[in-house]
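Chain and residue survey
Chain residues, written in single-letter form:
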Amino acid sequence: MTEFLWSAADILKATHGQSESVNWSVNGLSIDSRTLKKGDLFIALEGPEQDGHRFIEQAVLAGAAGVLVHQSHIKSSVPVIKVHDTQKALIELGQAGRIRSKAKIVGITGSVGKTSTKEMLRLVLSASGNTHASEASFNNHWGVPFSLAKLPIKADFGIFEMGMNHPGEIDNLTRQVRPDIALITAIAPAHLAFFKDIHGITDAKAEIFHGLTTDSSTILPFDSPEYQRLLDHAKRNNVKKIISFGQNKGADIKLLDVISEKETQRINAQYHGLHIKYQLPVIGHHWAVNSLAVVATALQLGVDLKLITAALEAFYPPSGRGQKQALTISNNREILLIDDSYNANPASVQAALNVLGQTNFKANNRRIAVLGDMLELGSEAAKLHMDLSQAVIQNKIDLVFTCGPFMQHLFKNLPKKIQGAHFANSTLLADKIESVLDDGDIIMIKGSLGSQMKLIINKLKQLSAVRHAL
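Residues numbered from 1 in each chain as written. Predicted model: local features only at pLDDT ≥ 70, side-chain atom pairs only at ≥ 80, totals over all residues. Heavy atoms only, no water.

Quick look at the overall build of the protein
- The helix and strand tally for the protein stands at 16 helices and 21 strands.
- For the protein, the C-alpha radius of gyration of 23 Å lies close to 23 Å, the compact-globule estimate for 470 residues.
- Its C-alpha atoms give the protein principal-axis dimensions of about 70 × 55 × 45 Å.
- Classification of the 470 residues of the protein by burial places 54% in the buried group.
- Sequence-distant contacts in the protein: of pairs separated by 6 or more residues, those separated by 24 or more amount to 63%.
- Accessible area for the protein stands at about 20,800 Å²; split by element, carbon and sulfur atoms hold 50% of it.
- Taking the average location of the 49 positive side-chain charges in the protein and that of its 44 negative ones, the two points are 3 Å from each other. (Helix = DSSP H or I, 4+ residues; strand = E, 2+ residues; numbered from the N terminus. Rg over C-alpha atoms; globule rule 2.2 N^0.38 Å. Buried < 20%, exposed > 50% of the residue type's maximum accessible area, 1.4 Å probe, protein only. Contact = heavy atoms within 4.5 Å. Areas by Shrake-Rupley, 256 points an atom, 1.4 Å probe, with all protein chains shown as cover. Lys, Arg positive; Asp, Glu negative; His and termini not counted. Charge placed at Lys NZ, Arg CZ, Asp CG, Glu CD.)

This is how it looks when you write it as structure tokens:
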């Protein structure tokens with residue numbers, strides 16, 4: 001029997017809502033009628049593009065146990081809770097979920113690596129107790145309270161990702177989450193359109209300290225040029241324990257050595273005299289460094305080191321963040337697809353190019369980078385795109401295909417022999433890319449979410465599925 005998540009009475013108390021019925025409960029929460037599960041409470045959020053109130057009928061047909069609305073005229077065959085504002089009610093429900101929980105809470109932010117690090121940590125903590133974590137990249141003004149409101153009563157650990165593109169956003173989110181541990185993965189040029197410089201980004205990420213509980217810790221990236229600034233923020237906010245991770249001398253948990261073997265990295269690290277060895281089944285230096293942050297966080301939470309290393313050895317990247325898949329397309333051409341399409345900034349694109357440069361598939365394989373615009377980079381956008389040419393050349397990429405007005409600056413700055421083609425958008429590129437692929441090619445696809453690089457991923461997978469169906 002599934003244990004309920006919320007009783008109607010507790011929802012009404014948390015949200016100051018009104019309902020004609022109180023003798024019911026919900027097993028989960030949903031804000032999307034397409035993915036709603038039977039027994040969920042459907043929360044009708046109203047945004048600039050969609051209004052959840054329009055999908056109440058679909059939610060009920062999908063098995064919603066009740067609906068939460070702020071439009072007074074709504075009637076339904078399932079119980080209705082009416083509130084003044086569903087977004088505010090979601091936040092209130094999330095805060096109630098945090099208050100009733102006895103779980104140890106980790107908050108994660110950073111310019112790159114948030115979701116991947118969260119998924120590594122989820123796997124590690126799950127080996128030691130009941131672990132709840134933000135779904136996908138639910139890290140914004142609705143994603144964080146939604147994830148908090150779904151925190152099970154009996155969870156031992158909770159992991160919540162927090163993102164931002166403006167000052168003040170993380171301050172608001174961290175005060176909802178109230179982490180026991182704050183983990184900052186990295187500071188890199190991202191969202192520069194909304195900040196004066198990288199120091200501004202650091203200050204915004206450091207807002208995570210504003211919501212920390214009294215007996216708190218933080219895990220900080222020691223190798224970052226912004227480390228001292230983060231450290232100063234942590235001290236000003238009275239963080240009780242500060243743990244650094246990285247490969248430079250002085251890091252608390254230090255990467256001593258990495259040996260890459262095919263699709264695996266053997267990692268040797270040290271933490272205050274404790275030698276730590278494990279294998280990580282992904283390649284790329286950024287994965288190795290971020291795994292140190294995971295180890296430090298889990299040790300701080302009291303997880304046994306053997307459980308930590310065993311879990312890391314079973315890790316697999318989440319969708320859109322470096323997953324690798326062999327596909328067979330027309331004429332029996334087998335290609336290796338690296339799907340890093342979820343998002344992009346200069347640091348993450350360079351990391352993805354490094355992975356592409358280290359990846360092998362077949363003899364004499366070509367390495368092909370397919371890159372879309374990195375967005376929200378402000379006045380430095382053209383230069384930051386153009387500067388990626390060094391990483392392309394260093395990693396011996398054979399061909400580069402680009403799309404979008406900003407990536408054109410990179411394309412024009414590349415040697416002629418590796419210029420594949422440039423397109424105005426990902427739709428046009430998706431229509432052409434399959435025709436240039438040869439058997440054995442390794443193709444890495446990356447770009448900001450708004451560049452819609454997922455269209456290219458979907459097209460290649462569709463062609464593969466059609467091929468396999470023949």
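Structural notes on the packing of helix H4 (residues 114-126) against helix H10 (residues 305-312)
- Taken N-terminus to C-terminus, the directions of H4 and H10 make an angle of 130 degrees; their axes are 8 Å apart at the nearest point. Accordingly, the angle class assigned to the pair H4 and H10 is oblique. At the point where H4 passes H10, the crossing takes the right-handed sense. Taken together, the residues of H10 that come into contact with H4 (itself represented by Met-120, Leu-123 and Val-124) are Ile-308, Ala-311 and Leu-312.
- Grouping the constituent residues of the contact of H4 with H10 by class yields six nonpolar, no polar and no charged. (Axes fitted to C-alpha atoms, helices over the stretch in contact; angles between N-to-C directions. Parallel < 35°, antiparallel > 145°, perpendicular 65-115°, else oblique. Left-handed = near helix turned anticlockwise from the far one by under 90°. Nonpolar A, V, L, I, M, F, W, Y, C, P; charged D, E, K, R; others polar.)

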